[in-house]
There are 2 protein chains.
Amino acid sequence: MSPSLEYLNDVTTDLPVHPVATKAMGVPGIAAMQLDDADKHEVVLKYFRAFIADLCEQFKGGHPGSAMGMAAIGVALYKYVMKFSPKNGNYFNRDRFVLSNGHACLWQYLFMHLVGVKEMTVEQLKSYHSSRYDSLCPGHPEIENDGVEVTTGPLGQGVANAVGLALATKNLAATYNRDGHELVNNMTWVMIGDACLQEGVGLEAVSLAGHWKLNNLCIIYDNNSITCDGTADVANSEDMNAKMRATGFNVIDILDGHSNVSTIVHALLTARSSDKPTFINIRTVIGFGSQKAGQASTHGAALGPDDIVNLKKTFGLNPEEHYVLPVEVYNFFKDVPQRGHQLESDWKSKLTAYEKEYPDLAAEFKLRVAGKMPADWTKFIPKKEDFPKEPTATRKSAGLVGNPLSENLQNFLVGTADLTPSCSVAYSKKVDFQSPDLRTACELNGNYTGRYIHYGIREHAMCAITNGLSAFNKGTFLPITSSFFMFYLYAAPAVRMGALQGLHQIHIATHDSIGTGEDGPTHQPIALAAFYRALPNLLYIRPCDSEEVAGAFETAIKATETPTIISLSRQVLPQYPQSSREGTAKGAYVFVEEENFDLTLIGVGSEMVFAIQTKELLEQDYGIKARVVSFPCPRLFEQQSKEYKQSVLQPRAGKPTIVIEAYAANGWERYADASVSMRRFGKSLPSKTAYEYFGFQPKAIAPKIKDLVEEVKRDGIEILRGDFRDLNGVLGVGFEH
Amino acid sequence: MSPSLEYLNDVTTDLPVHPVATKAMGVPGIAAMQLDDADKHEVVLKYFRAFIADLCEQFKGGHPGSAMGMAAIGVALYKYVMKFSPKNGNYFNRDRFVLSNGHACLWQYLFMHLVGVKEMTVEQLKSYHSSRYDSLCPGHPEIENDGVEVTTGPLGQGVANAVGLALATKNLAATYNRDGHELVNNMTWVMIGDACLQEGVGLEAVSLAGHWKLNNLCIIYDNNSITCDGTADVANSEDMNAKMRATGFNVIDILDGHSNVSTIVHALLTARSSDKPTFINIRTVIGFGSQKAGQASTHGAALGPDDIVNLKKTFGLNPEEHYVLPVEVYNFFKDVPQRGHQLESDWKSKLTAYEKEYPDLAAEFKLRVAGKMPADWTKFIPKKEDFPKEPTATRKSAGLVGNPLSENLQNFLVGTADLTPSCSVAYSKKVDFQSPDLRTACELNGNYTGRYIHYGIREHAMCAITNGLSAFNKGTFLPITSSFFMFYLYAAPAVRMGALQGLHQIHIATHDSIGTGEDGPTHQPIALAAFYRALPNLLYIRPCDSEEVAGAFETAIKATETPTIISLSRQVLPQYPQSSREGTAKGAYVFVEEENFDLTLIGVGSEMVFAIQTKELLEQDYGIKARVVSFPCPRLFEQQSKEYKQSVLQPRAGKPTIVIEAYAANGWERYADASVSMRRFGKSLPSKTAYEYFGFQPKAIAPKIKDLVEEVKRDGIEILRGDFRDLNGVLGVGFEH
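Residues numbered from 1 in each chain as written. Chains lettered and ligands numbered in written order. Predicted model: local features only at pLDDT ≥ 70, side-chain atom pairs only at ≥ 80, totals over all residues. Heavy atoms only, no water.

- In the nomenclature of an unreviewed UniProt entry, chain A is known as transketolase of Lophiostoma macrostomum CBS 122681.
- UniProt's Sequence similarities (unreviewed entry) comment on chain A is quoted here verbatim: "Belongs to the transketolase family."
- Checking UniProt for chain A, the heading Catalytic activity (unreviewed entry) contains the comment "D-sedoheptulose 7-phosphate + D-glyceraldehyde 3-phosphate = aldehydo-D-ribose 5-phosphate + D-xylulose 5-phosphate". (UniProt positions renumbered as here; feature names shortened; annotations may be inferred.)

## Digging into the overall build of chain A
Stage number 1. Helix and strand counts for chain A come out as 27 helices and 24 strands.
Stage number 2. Over its C-alpha atoms chain A spans a radius of gyration of 29 Å, differing by no more than 12% from the 27 Å that the globule rule assigns to 737 residues.
Stage number 3. Viewed in the frame of its principal axes, chain A has a C-alpha envelope of about 95 × 60 × 45 Å.
Stage number 4. The proportion of buried residues among the 737 residues of chain A is 69%.
Stage number 5. Intrachain contacts of chain A at a sequence separation of at least 6 include 78% that bridge at least 24 residues.
Stage number 6. A total accessible area of about 22,500 Å² is found for chain A, and carbon and sulfur atoms account for 51% of it.
Stage number 7. Within chain A, the 83 negative side-chain charges are centred at a point lying 3 Å from the centre of the 71 positive side-chain charges. (Helix = DSSP H or I, 4+ residues; strand = E, 2+ residues; numbered from the N terminus. Rg over C-alpha atoms; globule rule 2.2 N^0.38 Å. Buried < 20%, exposed > 50% of the residue type's maximum accessible area, 1.4 Å probe, protein only. Contact = heavy atoms within 4.5 Å. Areas by Shrake-Rupley, 256 points an atom, 1.4 Å probe, with all protein chains shown as cover. Lys, Arg positive; Asp, Glu negative; His and termini not counted. Charge placed at Lys NZ, Arg CZ, Asp CG, Glu CD.)

## A look at the UniProt feature "binding site: substrate" (unreviewed entry) in chain A
Residue and element names in this part refer to chain A.
Stage number 1. Taken from the UniProt record, the annotation "binding site: substrate" (unreviewed entry) applies to His63, His299, Arg395, Ser422, His511, Asp519, His523 and Arg570. The greatest C-alpha distance among the residues just named is 48.0 Å, and with 508 residues of sequence between them they are spread in space as well.
Stage number 2. Summarising the element assignment, His511 is placed in the loop between β15 (506-510) and α20 (528-534).
Stage number 3. Judged by its relative accessible area of 5%, His511 falls in the buried class.
Stage number 4. The contacts of His511, once residues within four sequence positions are left out, are Arg395, Ser422, Phe484, Thr516, His523, Pro525, Leu568, Ser569 and Arg570.
Stage number 5. Inspection of the secondary structure puts His523 in the loop between β15 and α20.
Stage number 6. Take His523: its relative accessible area is 6%, and that puts it in the buried class.

## Describing the sheet that holds strand β24 (residues 725-726) of chain A
All names here are of chain A.
Stage number 1. The 6 strands are arranged β19-β21-β20-β22-β23-β24 in an open sheet whose pairing can be described as mixed. Because the sheet does not close on itself, it has two edges, and the strands there are β19 (589-592) and β24.
Stage number 2. Summarising the sheet, strand β23 (residues 674-676) and β24 pair through 2 bridges and their orientation is parallel. Bridge pairing in β24 links Ser675 to Asp726. (Pairing = 2+ DSSP bridges.)

See below:
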């Protein structure tokens, strides 16, 4: 076998062909291949494919097609190219691998088994699609399981996560590596199918990878030309290679990707030494070996017993036998754990040498490897008395609180979706994360050590890349994102994936509510908070002033396995003497107490000002006494004791509770009997006028509350049961503006 | 002036240079230009730019930069190229124009004024950023206002809408045009800034435009190289022209776009006769004329009085005068309304001639122009007795109900995000919407008359393109989209824009809730329903069986100014004897009545089965009597009378109400005291096991309800006030799996 000749025959590449893998690359590569390896590959591939088919047949479901089609790519990666340690999924400098086409997860599970990931037994493999609660083989890869870097499944997310993982490496390498001390130099490999670069989030992410020249990123495109609807060309006719070149990638094109392992190895090694990110376009055959090979029907359903018999016969296997992995297949991968062990111990030696020469840097680095914040981070958060006395937009408050943290804490990686002037996250002495080439070219203050990230107008990729940053090694980075709150709807699928994976992140969401003003209804969120308040494992905190912003940041930083959205105003808001960061951390607290109260008003974020003013007007005009509760975060409040909750809301007092918030009321019914809220979309008006237009002004609110209080006094609080009152506005069904 | 020479000097193009505009094109174009027109352009442009600067200065806000930079493009479009009628924004065969960079809306408003859109007075122009409730000049263009095709603002949406508008034209033209009778042949022009092709939704949409060869689409790229964060190259280094070529566009590159009107006219006319969609990359200068020209600071803030004085001096204008539009500027555009009038009357004549020759087609066409459904559409919906008796997945029911409608009604345009096998929307005898070239190439059953659309794995663009389809001429199309419900989170920004604009659409969202099973938590929506239930002007309907699916379709088709999501199960569900389409239309109705009841159970969609089973078990094991309410749509229920609501829920009876739904409970607190719901993310398990794992099984639910009923009997219903009970699961804060 002459791999190099074959290589030249069916491959076109933008890069110089990599001659042979060297010891220096730390992987066996082409050099380790023997003349008879092609035969071995054939054996491994046929057993691999039959095993996948058997697994899907067990419960008559799953995704066999791409897992079978991608088999040769897996052999190239797991046997020859990828630097990792099967016995230790957390080896720090491991190559990161992301299966962006997550439905092909059996492919990954089976390779994990073959290279010796301990927990991944045959019994576990058989738990795919079973009723076992403790399965390590869920329908898509999940981050909780050893050997899986990120949870994938929603298409396009994984490739964006991979950009984040590669960014993490670049930033750490630039920050900590020194001449002769390459502490961090791992590659990031990401498998994609046809979908991931149809999805917008994937396209946004690859634009950034090209811009940043992330040459440590390699996208491996399983180009089987088949999607659920049939041939991929029913919905796509692009010249994908040309598009990726225009996006800043080197492109390698492989025509036979279903059997020729050495070709694929060569291409992957070439990617490892590229000057740009690499896109390897590998033609494969979905369901290779099946009678339905090349057809969409092999994508998301088991092949059926007849087809499997045929497949095994074609491969020269015994159709009567199932789940067969002979010893020669195991033997083929036997060297992988040992190599992984060697990589680990080499890295430990490197770290020891580094510590001797750079003890301070090493201490910081080791803290980050351990995923820990410096012990004294709270000292960077201003005290209540440090805040300005004059009315201040909470987006500015977020700058006052967050920017000293960003400036001083090396694990903060601060980003914005092109809203630097609006979101106040640009900290003092910031250096941009940029390719050094770009810095020379346009004299920007940026390089790979930079911790301020311009994501462009790509909210979705920003948050999906951020998931990769957080997942690189939990705690090594605490990424911040920023945009208008409304545009966290664009990013919502990625924010959700952060919550699902328990990733530590802070999203700075400014211009919340109709108070954002003139930009109009397109920019005024009404329903979005209802989503984030319902989303598991996410904190949506809406502070009313600088002090509550401080509370929001403290809470967010301490919530190490939960992303937080801090929701902030464009417009100035009063600084309240009674606001409290401790109260904020509890989700809700008494803002103004009244002994003989007639009602409780709930004030939230920007709209606290109306609660306070309405309270005063009620007393002045009608002698009605209102307590006021500040309620920045229902999710945090839910975690408090029943006693605390009752002390804050006093539900047994038989008095009405009314929430004032310029969002849809959905969810507040848990705590309130009535609302001043939004039942339709907003309107383009200056902030103050917009509020007035929708009835958010004390002189409009107070008489309605007076009527409600009187009605309850007359007829009892029970009349409000099942009759939640929306005190302003009309129901937004049917088109009206 | 020699336009053609100049044209060749600073333009590169993939297309043959269009020689001169001809009368046949119906627009004046280059042929109408005189030798002294360049001077006239200079005059118009300077007054235009000064006027924009004055408008932003009035209230010290707004977006002057791009509106000024794009002035010459506007002159080319509005004076020379665009076919429209300023006096009648609804002229059917008008060119559609979309300002995808909606923040530059003043540019559009001022051109609308200059070409004689009646309502767009100078007084109205001055209402930009004012407190006037009746302003026609909101901060972003809004569809309600004459001359605006779609509401834009959230970046990337407009360019995707434009793809939908162009698709609409192609489909109508192929369906109704006959030799010698070109009833529909309008162009779609869309202006974009740097953002719209950074945003994923824009990138998804242009891929489809290229695939479909929508040669009636022209994207005009205002390439001023500036975004909020500074020079666009802080976040982008792509070769945009190469990328657009790879995507299937012809590209025209213009180096001077700030003054050379004739060059731009030439390029636009060339686009009009292109074989593919066209991308015109026009270099402009943001804030042209300002001292801050070319800087990000001109983007989103007024220029300031000093700068405006300077600008006017530079332009040779009097700095003391404001809002000056001299008669020569008006005269320049004077022919535009007359031309529009001529276009209208020509089109009416065409229609008359067509009617004579094709009376049946013409009748159908005129009905669609009037935005009306055929009167007898309800006959295509099966009766209750027509449905299968055996358990049926509601996604299958949606096929049973929807597909006869799709097959028979020409206004139905049915699409899928690559889930044809899963979403059951492929109707009998469907023809795909495809470029005829593609059909030849791969023998697909498709052409431009096709009404089945393969959007690829691009949920966001699917819904944004759908907005363009619905907005083309309200009622001409009733577009259907389809995907898994979870992926309507990807599409959410576009679905929201549909609701905001009052567009008629039906979204078929299958695989809802944890019942979707093995695909796991990434595919199991928990919080998404809370968003759509809170979103104004949207119906989220979750039917429990075929009959309720019929009710959902009927309701959705009648809601002509509201989009509807019909949320459907993957798994089979019982067919209930008591289910009712009339009840569904009311949002909620009594499913099982009990005279002396102890509690009310709310059943929703897939989880109705647990409500019914729990009711039976409660009676059998404890002698507890439960009423059951079916609650497919809270938004519809909110519209019912107080009496109806109380008859359904009986809140005054002092008995607890418990909702059973495998989503976050948020919002149900309005109607229920307790829930069996999801407080964390789902899990990869077979459907039935997934439900069991999270406590959705009657034998787990019944004892908890028994305890609650006893507690209420003992202590009174008032104990549940402010103490909503989540009967199963733990709160999903902090990472746990």
